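Chain by chain, the residues:
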Amino acid sequence: MPWPDHLFLVGCGNMAGQMLARWLACGLDPARVTVLRPSGRAVADGVAVVTGYPDALPAGTTVLLGMKPYQVAEVATALAPLCDADTRIISILAGTTLAELRARFVGIRDIVRAMPNLPVGIGEGVIALHADAPTAGEARSAVEALMTPLGLAEWIPDEALFNQVTALSGCGPAFLFRFIDALARAGEAIGIPADQAARMALATVQGSAAMAARADADPATLADHVASPGGMTRQGLNVLDADDRLLELLIDTLTAARDRGEAMARGE
Ligand SMILES: NC(=O)C1=CN([C@@H]2O[C@H](COP(=O)(O)OP(=O)(O)OC[C@H]3O[C@@H](n4cnc5c(N)ncnc54)[C@H](O)[C@@H]3O)[C@@H](O)[C@H]2O)C=CC1
Ligand SMILES: O=C(O)[C@@H]1CCC=N1
């Protein structure tokens, strides 16, 4: 596995923490990792945690920007002077464009936008990637190799679609977690004991997702395999499908998330 010579994580909260956990589980030497986090709380055995910026970054450092998007100005002011021509930057900051990153990290050639999602922690995430022309092919390959143990890595050639893919896969786990919760609560609402409904809802989603991932048929066809003609499922699907209710709900959901990304890019 071609790990970076050194990995410097700026911020290590919910998202970057999941990425790091997976990399360590896949064999990344913790001695190659430094985490900057204001709390100074330990991250994992052998990983150096600092609360302020070092005087210099080791040669061949890959920086992962994992703090909140609104902190990019403050972070770049301190970090950019420590970067040199061979520093690579990976940004997971939602709604932060490459143009903005390039303006804040002048002189850095290799900058990649990455949009992971939380299941990267178990190697079953999705990571959208985008790089612009100046970023070297070697850097793109190295970043892709770093993302591969995290799950499905997809290059997005057109950065204009980055907020859309963030809405789908970056935010998507939250929508699925909400769905699982709602399925359980709906079961409870029609009389199933709450704890049993919760277990059954989760196992139903888990089994269905695993089956869909392995099946030759697409999910829409699989739904028809469940629905016996004249049976119970069809009646339920008719509710979800009426006036494209579920589809419209999800379009509205993704649109709202995408629009927030665009507002964040405008600094709102
Ligand atoms: N949570 C998610 O599912 C996803 C989050 N992201 C992106 O990941 C980034 C972090 O989000 P979360 O992990 O959810 O937030 P979080 O709040 O869990 O983590 C933020 C981290 O930044 C650190 N931090 C705070 N102030 C800092 C400073 N001045 N300098 C350096 N680090 C500082 C905090 O200690 C914390 O470890 C955001 O930019 C977000 O857009 C991207 C994809 C998915
Ligand atoms: O909510 C957010 O802004 C980030 C981006 C994708 C998931 N969490």
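Since the structure is predicted, the reported quantities are computational estimates derived from the model, not experimental observations.

## What about the site of ligand 2?
Ala94, Thr166, Gly170 and Cys171 make up every residue found near ligand 2. The fraction of the free accessible surface of ligand 2 (250 Å²) that becomes covered by protein chains is 47%. When its residues are assigned to classes, the shell around ligand 2 shows 2 nonpolar, 2 polar and no charged.

## Some words on the domain arrangement of the protein chain
One frequently used descriptor of interface size is the decrease in accessible area upon assembly of the parts. Taken domain by domain, the protein chain consists of domain 1 (6-162) and domain 2 (172-264). Taking only C-alpha atoms into account, the centre of domain 1 sits 33 Å from that of domain 2.

## Here we look at the site of ligand 1
In the region of ligand 1, 20 residues are neighbours, and Asn14, Met15, Met67, Gln71 and Glu74 sit closest. A distance of 2.7 Å separates a nitrogen atom of ligand 1 from a polar side-chain atom of Gln71. Calculation on ligand 1 without its partners gives an accessible area of 820 Å², and the protein chains cover 78% of this total. Elements represented by at least two residues in the shell around ligand 1 include exactly helix H1 (14-25) and helix H2 (72-79).

## Description of a nonpolar patch on the surface
Taken together, the side chains of Leu240, Leu246, Leu249 and Leu250 make up a nonpolar region of the molecular surface, amounting to roughly 330 Å² of accessible area. Sorting elements by how many residues they give to the nonpolar patch places helix H10 (residues 245-265) first, with 3 residues. On the secondary structure map, Leu249 appears in helix H10.

## Details of the environment of Leu237
Along the polypeptide, Leu237 turns up in helix H9 (residues 232-241). What makes Leu237 buried here is its relative accessible area of 16%. The sequence separation of Leu237 and Ala160 amounts to 77 residues, and the corresponding C-alpha distance is 34 Å. When residues no more than four places from it in sequence are discounted, the contact partners of Leu237 are Ala223 and Ala227.

## Structural notes on the pairing of strand S5 (residues 88-91)
Of the two faces of S5, the one carrying Arg88 and Ile90 and the one carrying Ile89 and Ser91 are both buried. For the handedness criterion, the β-α-β arrangement of strand S4 (residues 61-65), H2 and S5 is classed as right-handed. As defined by bridge partners, S5 adjoins strand S6 (residues 110-115) across 4 bridges and the pair is classed as parallel. Across the sheet, the residue bridging to Arg88 is Asp110, located in S6. Crossover handedness for the path S5 to helix H3 (residues 98-104) to S6: right-handed.

## Quick look at the environment of Val72
Of note, Val72 is situated in helix H2. Between the C-alpha atom of Val72 and that of Val205, which follows or precedes it by 133 residues, the distance is 37 Å. Every residue in contact with Val72, bar those within four places of it in the chain, is listed here: Met67, Leu93, Glu100, Leu101 and Arg104.

## Looking at the sheet that holds strand S7 (residues 125-131)
Judged by pairing direction, the sheet is mixed, and its 8 strands sit side by side in the order S3-S2-S1-S4-S5-S6-S7-S8 without closing on themselves. Taken across any chain shown, the strands that pair with only one partner, and hence form the sheet edges, are strand S3 (48-50) and strand S8 (151-155). Direction aside, neighbouring strands of the sheet carry axes that sit 20° apart on average. Here strand S1 (residues 6-10) runs beside strand S2 (residues 33-36); their pairing, made up of 4 bridges, is parallel. Considered in S2, the bridge of Phe8 is made with Thr34. On top of the sheet, helix H4 (residues 137-147) reaches S1, S5, S6, S7 and S8; it is set at about 50° to S5, its chief contact.

Conventions used here
Residues numbered from 1 in each chain as written. Chains lettered and ligands numbered in written order. Predicted model: local features only at pLDDT ≥ 70, side-chain atom pairs only at ≥ 80, totals over all residues. Heavy atoms only, no water. Near = heavy atom within 4 Å. Areas by Shrake-Rupley, 256 points an atom, 1.4 Å probe, with all protein chains shown as cover. Nonpolar A, V, L, I, M, F, W, Y, C, P; charged D, E, K, R; others polar. Domains from an automatic or database assignment. Polar contact = N/O pair within 3.5 Å; in protein donor to acceptor, adjacent residues only side chain to side chain. Helix = DSSP H or I, 4+ residues; strand = E, 2+ residues; numbered from the N terminus. Patch = residues over 30% accessible without salt bridge, like charges linked within 9 Å, V, L, I, M, F, W, Y side chains within 5 Å. Salt bridge = Lys/Arg side-chain N within 4 Å of Asp/Glu carboxyl O. Buried < 20%, exposed > 50% of the residue type's maximum accessible area, 1.4 Å probe, protein only. Contact = heavy atoms within 4.5 Å. Right-handed = clockwise from strand over helix to strand, strands pointing away. Pairing = 2+ DSSP bridges. Axes fitted to C-alpha atoms, helices over the stretch in contact; angles between N-to-C directions.

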